[in-house]
Amino acid sequence: MAYVDERNVTGLASEYGVPADVARELAGLLRPCVLLVRKADLPDADREDTLPAGLTGGLPPLPGGEDGGDDGSGPADPFVLAVDCAALPRDSLDIEIPSDGQLLFFTTFEYEPEESEVLHVPADGSTGERPSRDIVGGGPRTVVYERRPLYPVPGLTIDHDWRGCDLVRSFLDGDGESDGAGESDGRDLGAGIEMVDRFVEALVNSVHAGTPPHSVAQIGGFSDQWQVPPDQDGLVLLAQISGNGVDHGLFTLNLVVGTRQDIAAGRWENLHFEQQC
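Residues numbered from 1 in each chain as written. Predicted model: local features only at pLDDT ≥ 70, side-chain atom pairs only at ≥ 80, totals over all residues. Heavy atoms only, no water.

Could you give an account of helix H1 (residues 6-16), naming the residues involved and the relevant values?
Those residues of H1 not exposed but buried are Val9, Leu12, Ala13 and Tyr16. In a view along the axis of H1, the buried residues occupy a sector of 105°, so they form one face of it. The exposed set on the far side of H1, more than 90 degrees from its buried face, consists of Arg7, Thr10, Ser14 and Glu15. At the N-terminal boundary of H1, the capping side chain belongs to Asp5, with an oxygen 2.8 Å from the backbone nitrogen of Arg7. Positive backbone phi, approximately 75°, marks Gly17, located one or two places after H1. (Buried < 20%, exposed > 50% of the residue type's maximum accessible area, 1.4 Å probe, protein only. Helix = DSSP H or I, 4+ residues; strand = E, 2+ residues; numbered from the N terminus. Arc of directions from axis to C-beta. Polar contact = N/O pair within 3.5 Å; in protein donor to acceptor, adjacent residues only side chain to side chain.)

Could you give an account of helix H2 (residues 20-27), naming the residues involved and the relevant values?
Within H2, the full set of buried residues consists of Val22, Ala23, Leu26 and Ala27. Down the axis of H2, the smallest arc covering the buried residues is 135°, so these residues share one side.

Could you give an account of the packing of aromatic side chains, with specific residues and numbers?
Scanning the entire structure with this criterion turns up two aromatic pairs. Between Phe79 and Phe106 the ring centres are 5.6 Å apart and the planes differ by 50°, which places this aromatic pair in the tilted class. Placement of Phe79 in strand S4 (residues 79-84) and of Phe106 in strand S5 (residues 102-106) is noted, with a sequence separation of 27 residues between them. On the basis of relative accessible area, Phe106 is assigned to the buried category, the value being 1%. In this arrangement the basic side chain of Arg31 is found over the ring face of Phe222, its NZ or CZ atom lying 4.9 Å from the centre. (Phe/Tyr/Trp six-rings, centres within 6.5 Å; stacked < 30°, edge-to-face > 60°. Lys NZ or Arg CZ within 6 Å of the ring centre and 35° of its normal.)

Just give me the short version of the sheet that holds S4, but keep the residues and values in it.
Strand order in the open sheet made by the 10 strands is S6-S5-S4-S2-S8-S1-S9-S10-S11-S12, with antiparallel pairing throughout. Because the sheet does not close on itself, it has two edges, and the strands there are strand S6 (117-121) and strand S12 (272-276). Averaged over all adjacent pairs, the angle separating strand axes in this sheet is 25°, with direction ignored. (Pairing = 2+ DSSP bridges. Axes fitted to C-alpha atoms, helices over the stretch in contact; angles between N-to-C directions.)

Tell me about the pattern of salt bridges, residues and numbers included.
One pass over the full model with this rule turns up seven salt bridges. The salt bridge partner of Asp44 is Arg47, with a shortest N-O separation of 3.0 Å. One salt bridge connects Asp197 with Arg163, and the closest N-O pair in it is separated by 3.3 Å. Taken together, the positions of Asp197 in helix H5 (residues 189-204) and Arg163 in the loop between strand S8 (148-158) and helix H4 (166-172) put the pair 34 residues apart, joining distant regions of the chain. (Salt bridge = Lys/Arg side-chain N within 4 Å of Asp/Glu carboxyl O.)

Give me the lowdown on the packing of H1 against H2, citing residues and values where you can.
Where H1 meets H2, the axes come as close as 9 Å, and the angle between the chain directions of the two elements is 130°. Our classification of the angle between H1 and H2 gives oblique. Taken as a pair, H1 and H2 cross one another with a handedness that is right-handed. Across from Glu6, Val9 and Ala13 in H1, the residues of H2 making contact are Ala23, Arg24 and Ala27. Of the residues belonging to the contact of H1 with H2, the class tally is four nonpolar, no polar and two charged. (Parallel < 35°, antiparallel > 145°, perpendicular 65-115°, else oblique. Left-handed = near helix turned anticlockwise from the far one by under 90°. Contact = heavy atoms within 4.5 Å. Nonpolar A, V, L, I, M, F, W, Y, C, P; charged D, E, K, R; others polar.)

Summarise the confidence of the model for the protein; cite the residues concerned and give the values.
Averaged over the protein, the pLDDT score is 87; the fraction of residues at 70 or greater is 85%. In the model, residues 65-70 has pLDDT below 50 throughout and makes 13 contacts with residues more than four positions away in sequence or in other chains. Here residues 178-184 scores under 50 on pLDDT; set against residues more than four positions off or in separate chains, the count is eight contacts. (pLDDT = per-residue confidence, 0-100.)

Tell me about the pairing of S4, and name the residues and values.
Buried residues dominate S4, accounting for five of its six residues. Bridge analysis of strand S2 (residues 54-56) against S4 gives three bridges, and the strand direction is antiparallel. When the bridges of S4 are listed, Thr56 appears paired with Leu81.

Quick one: what's the story with the layout of surface pockets, residue by residue and with numbers?
In this model, the largest pocket occupies a volume close to 760 Å³. In terms of lining, the largest pocket is formed by 34 residues, of which the most central are Thr157, Gln218, Ser223, Asp224 and Gln240. Of all the elements in the fold, those that place two or more residues in the lining of the largest pocket are strand S1 (30-37), S8, H5, strand S9 (217-219) and strand S10 (236-242). Across the lining of the largest pocket, the residue classes tally to 16 nonpolar, 14 polar and four charged. (1 Å grid on protein atoms, 1.4 Å probe; cavity = no way out; pocket = protein on both sides within 12 Å on 5 of 7 lines; lining within 4 Å. Points joined across faces, edges and corners; volume = space filled by probe spheres on them.)

Any chance you could break down unusual backbone geometry for me, citing the residues and the numbers?
Here Asp233, not a glycine, exhibits a phi torsion of approximately 55°, which is positive. Classification of Asp233 by relative accessible area gives exposed; the value is 77%.

Following this line, the structure appears as structure tokens:
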């Protein structure tokens, strides 16, 4: 309940005909995230004042002495995303990432991301825009995407398994009803599923003034995966990056997951990359 006002939950439950205890159970499954969007996709009220918190494309700002000398000895995969850690709204994250500096994401949307990497560049370090070794060496993945800024928007996500929660299942099975009388209210299963689905959609979108903006990337929260979610069994989402948000011809989704402990400790080499399409 920390991420959404309880009165809002109560109001939405009443609006969509969902019992109050079911609504509270679902609200307890929310996790915050930060959506990174293009300026044109920001809410009108935020378009003038919101500052960038990241960018896609261009050459990565690598420190001269680490994985990024002028010889192009940096990561093999293309540079796709930089995140300004200090510019992210911290109350919209429940994972620990560095308080400043930049997180740099190197991955490919065209092949399985077997050589993908995440690097943290401290804020107090000297950096320069340096090519990756594929760009220098003329490798098969030589590519520099268009440089475009991204802007932060707070978001909400919900547990992938919310439909399996006890009170939700009981409500859909007709074991409970919205007035708490404990008798079936005559709902059919399809109507109950639609009722709860609409409530969950409204609950997740309640942080926005209407429909959530189209995002190029998401930091934290539960993944908005297309297939089996990779953020389970002890793994959480660090980032997901939309291929067509970086290159309009690539309709893939790259997800970066790890344990909370590895992310907090900056053990980026332990992260796992997965591509879905």
